[in-house]
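Chains, contacts and geometry: an overview
Take a look at the letters that make up each chain.
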Amino acid sequence: MALNMDRRSLLTSAVLGSATLVGATALGSLAPEAAFAKGDDVEPGAPDPNFAEGRVTGINEGMLLVAGSDGTLWRIRVTNASSIWKLHPTSLDKVAVGDGLYARGVRLNDGTLAADAIWVNIVNLQVHIAALAPKKIHFDHRGKRIIGHVVPGVTAASYNSTPAIADMTMVQVGRHAQVIGAWIPDTNEIEIATLYTSTIEHNH
């Protein structure tokens, strides 16, 4: 069964141009939450060798040059088996120098990371909901104000751990929330993918 190919051989063959599979969703989830899941085979506290993060410093023929926050310089190969998320599934031509990213994939012998999935400008923040405005939610994050944009057809909210829905009308000022979204580089603004919060049930 082709789908049982391991990821290393699939991504290596994709780098060599022989894989016809498009989209790494066959290998795992492109949901933004998946960006924050550690690899199964990584020791607790140890760095994941198949995970990269940082800001894009250059793009050259399917290779992303990325400066990690810890000083690591990454070379990330994007192939027809790579999936790219930038608030919604997208393509390499939407990735820009200055974007931040998380990437998961397979380290190849030449030190490059063959990307399985790339999440561009993704953020995962613990916040307080400070104010509500049309198509915007103002968050307080460690004393700083962040503006969250509600994106029609994309933004969803999960209330009290229930499945996420598009209805944002139950979001309440003063509540704690976790927000996953896409940062707009060099601003204090994000586009909201999923907002996890709680709500008070009103008895009728």
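Refer to the structure printed above.
Residues numbered from 1 in each chain as written. Predicted model: local features only at pLDDT ≥ 70, side-chain atom pairs only at ≥ 80, totals over all residues. Heavy atoms only, no water.

Notes on the environment of lysine 135
Relative to the elements of secondary structure, lysine 135 occurs in the loop between β8 (122-133) and β9 (136-141). Along the backbone, lysine 135 and histidine 149 are 14 residues apart, and their C-alpha atoms lie at a distance of 6.0 Å. Aside from chain neighbours lying at most four places away, what touches lysine 135 is Gly148, His149 and Val150. (Helix = DSSP H or I, 4+ residues; strand = E, 2+ residues; numbered from the N terminus. Contact = heavy atoms within 4.5 Å.)

Describing the packing of aromatic side chains
Inspection of the entire model under this criterion finds one aromatic pair. Residues phenylalanine 51 and tyrosine 102 carry aromatic rings whose centres are separated by 5.4 Å and whose planes lie at 65° to one another, so their mutual orientation is edge-to-face. Of this pair, phenylalanine 51 sits in strand β1 (residues 51-60) while tyrosine 102 sits in strand β6 (residues 100-107), and the two are 51 residues apart along the sequence. (Phe/Tyr/Trp six-rings, centres within 6.5 Å; stacked < 30°, edge-to-face > 60°.)

Considerations on the pairing of strand β13 (residues 189-197)
Looking along a regular strand, one sees the side chains alternate between the two faces of the sheet. Relative to β13, strand β10 (residues 144-150) runs parallel, the two being bridged by four bridges. Along β13, the bridge assignment pairs histidine 149 with glutamate 191. Sheet topology note: the strand β11 (residues 156-159)/β13 ladder contains four bridges and is parallel. Within β13, the residue paired with alanine 157 across the bridge is leucine 195. Where strand β12 (residues 176-183) lies against β13, seven bridges are found, and the strand directions are antiparallel. Each bridged residue has a counterpart across the sheet, and for alanine 182 the counterpart in β13 is glutamate 191. Two successive antiparallel strands, β12 and β13, enclose a turn made up of five residues, where aspartate 186 displays a positive phi of approximately 65°. (Pairing = 2+ DSSP bridges.)

What about unusual backbone geometry?
Notably, glutamate 61 is not glycine yet its phi reads approximately 50°, a positive angle. Here glutamate 61 lies in the loop between β1 and β2 (63-67). Among the residues examined, glutamate 61 registers a relative accessible area of 81% and is labelled exposed. Notably, lysine 135 is not glycine yet its phi reads approximately 60°, a positive angle. (Buried < 20%, exposed > 50% of the residue type's maximum accessible area, 1.4 Å probe, protein only.)

Observations concerning the side chain of arginine 104
Following the sequence through the fold, arginine 104 ends up in strand β6. Here the side chain of arginine 104 touches aspartate 48 through a polar contact of 3.1 Å, side chain to side chain. (Polar contact = N/O pair within 3.5 Å; in protein donor to acceptor, adjacent residues only side chain to side chain.)

Describing the pairing of β10
Summarising the sheet, β9 and β10 pair through six bridges and their orientation is antiparallel. Directly across from histidine 138, in β10, lies its bridge partner isoleucine 147. Linking two consecutive strands that pair antiparallel, namely β9 and β10, is a turn of two residues; a positive phi of about 55° is found at arginine 142 within it.

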